[in-house]
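Structural description and commentary
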Amino acid sequence: MNTSLVRRSAAAAVLSLASLLEAQSGFSFDHDQAPKDAVIPAVVPVIFASVAPSDAPLILRTTTLLNNVWFDAIAPFGETSVGICSQIDRRPAAERTDRNRNIAIFHASFHMLNSLYPNERDAWRGLLLGVGLDPDDPSLDPTSPVGIGNIAGRAVVAFREHDGMNQLGDERARHGAEDRYDQGRRYADYTGYAPRNTPYELEEAGRWQPAIVDAGHGIFRVQQFVTPQFQHVVPFSYRDPREFRSPRPTASDPDRREAYRRQVDEVLSASAAMTDRQKMVAELFDDKIASLGFSALFVTVSRNMSLEEFVHYDFLTNLAAFDTGIAIWQEKARHDSVRPFSAVRHVYGDRPVTAWGGPGQGTVRDLPANRWRSYLPVADHPEYPSGSAAFCAAHAESSRLYFGSDVLGWSMPVPQGSSVIEPGHTPQTNITIGWDTWTEFEEECGASRFWAGVHFLPSISAGQDIGREVGARAYEFLMGHIRGEPGRGSGSGRRGGRRGGRRDD
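One structure accompanies this document, and this report is about it. Fair warning: this is a prediction, and the values are worked out from it, not measured in the lab.

Criteria and thresholds
- Residues numbered from 1 in each chain as written.
- Predicted model: local features only at pLDDT ≥ 70, side-chain atom pairs only at ≥ 80, totals over all residues.
- Heavy atoms only, no water.
- Helix = DSSP H or I, 4+ residues; strand = E, 2+ residues; numbered from the N terminus.
- Buried < 20%, exposed > 50% of the residue type's maximum accessible area, 1.4 Å probe, protein only.
- Areas by Shrake-Rupley, 256 points an atom, 1.4 Å probe, with all protein chains shown as cover.
- Contact = heavy atoms within 4.5 Å.
- Arc of directions from axis to C-beta.
- Disulfide = S-S within 2.5 Å.
- Phe/Tyr/Trp six-rings, centres within 6.5 Å; stacked < 30°, edge-to-face > 60°.
- Lys NZ or Arg CZ within 6 Å of the ring centre and 35° of its normal.
- Core = buried A, V, L, I, M, F, W, Y, C linked by side-chain atoms within 4.5 Å.
- Axes fitted to C-alpha atoms, helices over the stretch in contact; angles between N-to-C directions.
- Parallel < 35°, antiparallel > 145°, perpendicular 65-115°, else oblique.
- Patch = residues over 30% accessible without salt bridge, like charges linked within 9 Å, V, L, I, M, F, W, Y side chains within 5 Å.
- Salt bridge = Lys/Arg side-chain N within 4 Å of Asp/Glu carboxyl O.
- Polar contact = N/O pair within 3.5 Å; in protein donor to acceptor, adjacent residues only side chain to side chain.
- Expected span 1.5 Å × (residues − 1).
- Pairing = 2+ DSSP bridges.

1. Digging into the overall build of the protein
Of the regular secondary structure elements, the protein holds 15 helices and eight strands. For the protein, buried positions account for 58% of its 505 residues. Within the structure as shown, the protein displays about 20100 Å² of accessible surface, and the carbon and sulfur contribution to it stands at 47%.

2. Regarding the environment of Leu66
Note on placement: Leu66 falls in helix H3 (residues 56-74). Between the alpha carbons of Leu66 and Ile40 there is a distance of 9.5 Å; along the sequence they are 26 residues apart. Look past the residues within four positions of Leu66 in its chain and what remains in contact with it is Val39, Val43, Ser109, Met112 and Leu113.

3. Notes on helix H5 (residues 121-129)
Three or more residues of H5 are buried, namely Trp124, Leu127 and Leu128. For H5, the angular spread of buried residues about the axis comes to 90°, placing them on one side. If you follow the buried residues of H5, they end up packed against helix H2 (34-50) and helix H4 (98-116).

4. Considerations on the state of the cysteines
Using the criterion set out here, one finds one disulfide in the structure. The disulfide partner of Cys392 is Cys445, and the S-S distance across this bridge is 2.1 Å. The chirality of the disulfide connecting Cys392 with Cys445 is right-handed, given an S-S dihedral of about 70°. Separated by 53 residues along the polypeptide, Cys392 in helix H13 (residues 387-403) and Cys445 in helix H14 (residues 438-451) bring together distant segments of the chain.

5. Quick look at the packing of aromatic side chains
For any two aromatic rings, the description comes down to two numbers: the centre-to-centre distance and the angle of the planes. Applying the stated criterion across every chain, the model contains 24 aromatic pairs. Three or more aromatic residues joined by ring pairs make a cluster, and in this case those are Phe71, Phe230, Phe236, Phe315, Phe322, Trp329 and Phe477. When the ring centre of Phe236 is taken as reference, the NZ or CZ atom of Arg160 above it lies at 4.4 Å. Between the NZ or CZ atom of Lys332 and the centre of the ring of Trp329, over which it lies, the distance is 5.7 Å.

6. Quick word on the nonpolar core
Trp70, Phe106, Val264, Trp410, Trp435 and Phe441 are the most contacted members of the largest nonpolar core, which has 140 residues in total. Of all the elements, helix H11 (residues 307-335) adds the most residues to this core, at 14 residues. Not counting residues within four places of it along the chain, the set of residues in contact with Phe106 comprises Phe27, Phe29, Ala34, Ala38, Val39, Leu127, Leu128, Val131 and Leu133.

7. Remarks on the packing of helix H10 (residues 288-302) against H13
When two helices pack together, their arrangement is given by the angle between the helix axes and by the axis-to-axis distance. In contact at an axis separation of 11 Å, H10 and H13 are set at 10° when each is read in the N-to-C sense. Viewed along their axes, H10 and H13 adopt a mutual orientation that is roughly parallel. Contacts between H10 and H13 involve Lys288, Leu292, Ser295, Ala296 and Val299 from the former and Ser388, Phe391, Cys392, His395 and Phe403 from the latter.

8. Regarding unusual backbone geometry
Between Tyr384 and the following residue, Pro385, the backbone shows a cis peptide bond with an omega angle of -5°. Residue Thr426 is joined to Pro427 through a cis peptide bond whose omega torsion reads -10°. With respect to the element layout, Pro427 can be found in the loop between strand S5 (407-414) and strand S6 (431-437). In this model, Tyr187 sits at a positive phi of 65°, which is unusual for a non-glycine residue. With respect to the helices, strands and loops of the structure, Tyr187 is situated in the loop between helix H7 (171-174) and strand S1 (212-216). Positive phi, normally seen in glycine, also occurs at His217, with a value near 60°. Relative to the helices and strands, His217 resides in the loop between S1 and strand S2 (219-222). Residue His217 is classed as exposed on the basis of its relative accessible area, which comes to 83%.

9. With respect to a nonpolar patch on the surface
Residues Tyr200, Ile212, Phe220 and Val222 make up a contiguous nonpolar surface patch of about 430 Å² in total accessible area. When you line up the elements, Val222 lands in strand S2. The partly exposed category is assigned to Val222, whose relative accessible area is 32%.

10. Observations regarding the side chain of Ser386
With respect to the secondary-structure elements, Ser386 resides in the loop between strand S4 (363-368) and H13. By relative accessible area, Ser386 is classed as buried at 0%. Of note is the side chain of Ser386, whose polar atom sits 3.1 Å from the backbone nitrogen of Ala389. Those residues in contact with Ser386 that lie beyond four places of it in its chain are Ile328, Arg449, His455, Ser459, Ile460 and Gly463.

11. Looking at the pattern of salt bridges
Any two side chains of opposite charge can pair, on the condition that their charged atoms come close. Counted under the stated rule, the structure contains 24 salt bridges. Residue Asp163 pairs with Arg61 through a salt bridge whose shortest N-O separation is 3.0 Å. On the criterion of sequence distance, the pair formed by Asp163 in the loop between helix H6 (145-160) and H7 and Arg61 in helix H3 is long-range, its members being 102 residues apart. The exposure classification of Asp163 matches that of Arg61, with both residues buried. Notably, a salt bridge pairs Glu331 with Arg245, separated by 3.0 Å at the nearest N-O pair. You can see Glu331 sitting in helix H11 and its partner Arg245 sitting in the loop between S2 and helix H8 (257-272), a full 86 residues away along the chain.

12. Concerning H13
The first and last C-alpha atoms of H13 sit 24 Å apart over 17 residues, in line with the 24 Å expected at 1.5 Å per residue. By the criterion of burial, H13 is predominantly enclosed, with 15 of the 17 residues buried. At the N-terminal boundary of H13, the capping side chain belongs to Ser386, with an oxygen 3.1 Å from the backbone nitrogen of Ala389. Taken from the residues just after H13, Gly404 is the one with a positive phi, measuring 65°.

13. A closer look at the environment of Asp32
Note that Asp32 resides in the loop between helix H1 (3-21) and H2. Residues Asp32 and Asp98, 66 residues apart in the sequence, show an inter-C-alpha distance of 8.2 Å. A polar side-chain atom of Asp32 sits 2.8 Å from the main-chain amide nitrogen of Ser28.

14. A look at the pairing of S1
Relative to S2, S1 runs antiparallel, the two being bridged by four bridges. The residue bridging Ile212 from the neighbouring strand is Val222, located in S2. Hairpin connection of S1 to S2: two residues between the antiparallel strands, including His217 at a positive phi of 60°.

The analysis is restricted to geometry; functional conclusions fall outside its scope.
Here it is as structure tokens:
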């Protein structure tokens, strides 16, 4: 993705967040909610300064692990909840206040943020100092909110720093493969993945081809499969991602010439027919915080959820997407499927096609196929199954189960010319986009990836199938912890947790 697009998208996301939350000038421990009133607004700009809005594995890691520490930090102040990575003795009813929950959340967040973004330590210290808390308080007293927050934060960090994502860059050494050149390369691939094709030659027309990305000002880079090791991360709600398999994408087999060409033609036809609304929907769903994150935030605000309810629901939707991503990344690596931009060039070469012609060009009827581009920047991983379609399906399914309803009712105005891809041009008039139900949200999220030319149709349904199944697992897993009856899932809470200062296993 062009870096200027990333900056504009990030700026738009931060402005939308401020508008949604109506940020207050001062924080009240008794009446405000630390996650949405303080932590999220501080973290979103840091996320987008580090990764593109569409880089789901790294965005989901931040949001889900933050939710994990929030959940564990307030579990002792609930009636029945038990933590995922920590099991701290329940506090008396008189201490189950939002003041104590907020204090615990701030301290737990401090540990997780320092683990995820150690170069931003001053910002995280400022987050606590700004609300009058001491970031240097080392208390591990399981009867105080500071101690509870520190215990919960440390427990989740201790487990997740070595959960398979190579967050610290030491995964090879931990498995006995010492390589001093690899040490400290955070999130580096240790699986040995290598693309079958170069960005210059499509040797195998059914396999993923890295794109050449314009970084702006004459700087270009070749894509790498982003964090292929995500498939090996320990999930929350199940034990083995091999439980979730997608069928082979037979139409992406170049030996099946008619099917291969047919799905290329479908993408070009959708590209040519894109409406302003479809473009803006596609842009929204490409930004995982603006779509997944803000839809959940809208629900919590519109339903006037308590702090405890906010943490429970936000954690549910994030862990549903996180666990879905693990299974999807396994399947992406297994199938290693070709993206539409490569397939279009393979089928039509430099012959003219009818399709979207680029920013501000509309539909062009004599576009050389080798100059066709998808409306959205192509993501840096294989095509099949669709990660975005899967994340939205998991998000929607877990929400439907949590609320016992399909009702969403989320809409937003889109001002004329506010497009990130076609600024000043799209939409041509002010429009409103929105979804009455979670089912509509899920379906249009998936369809938008096809409209925008980054996925073939079979990839959408394959991703949705896995997302719905994992979303249901996530719901069962988290409700078990909320009800104080854990037992389903991967057992991540049985590793390295603490109970009043001792391990919980």
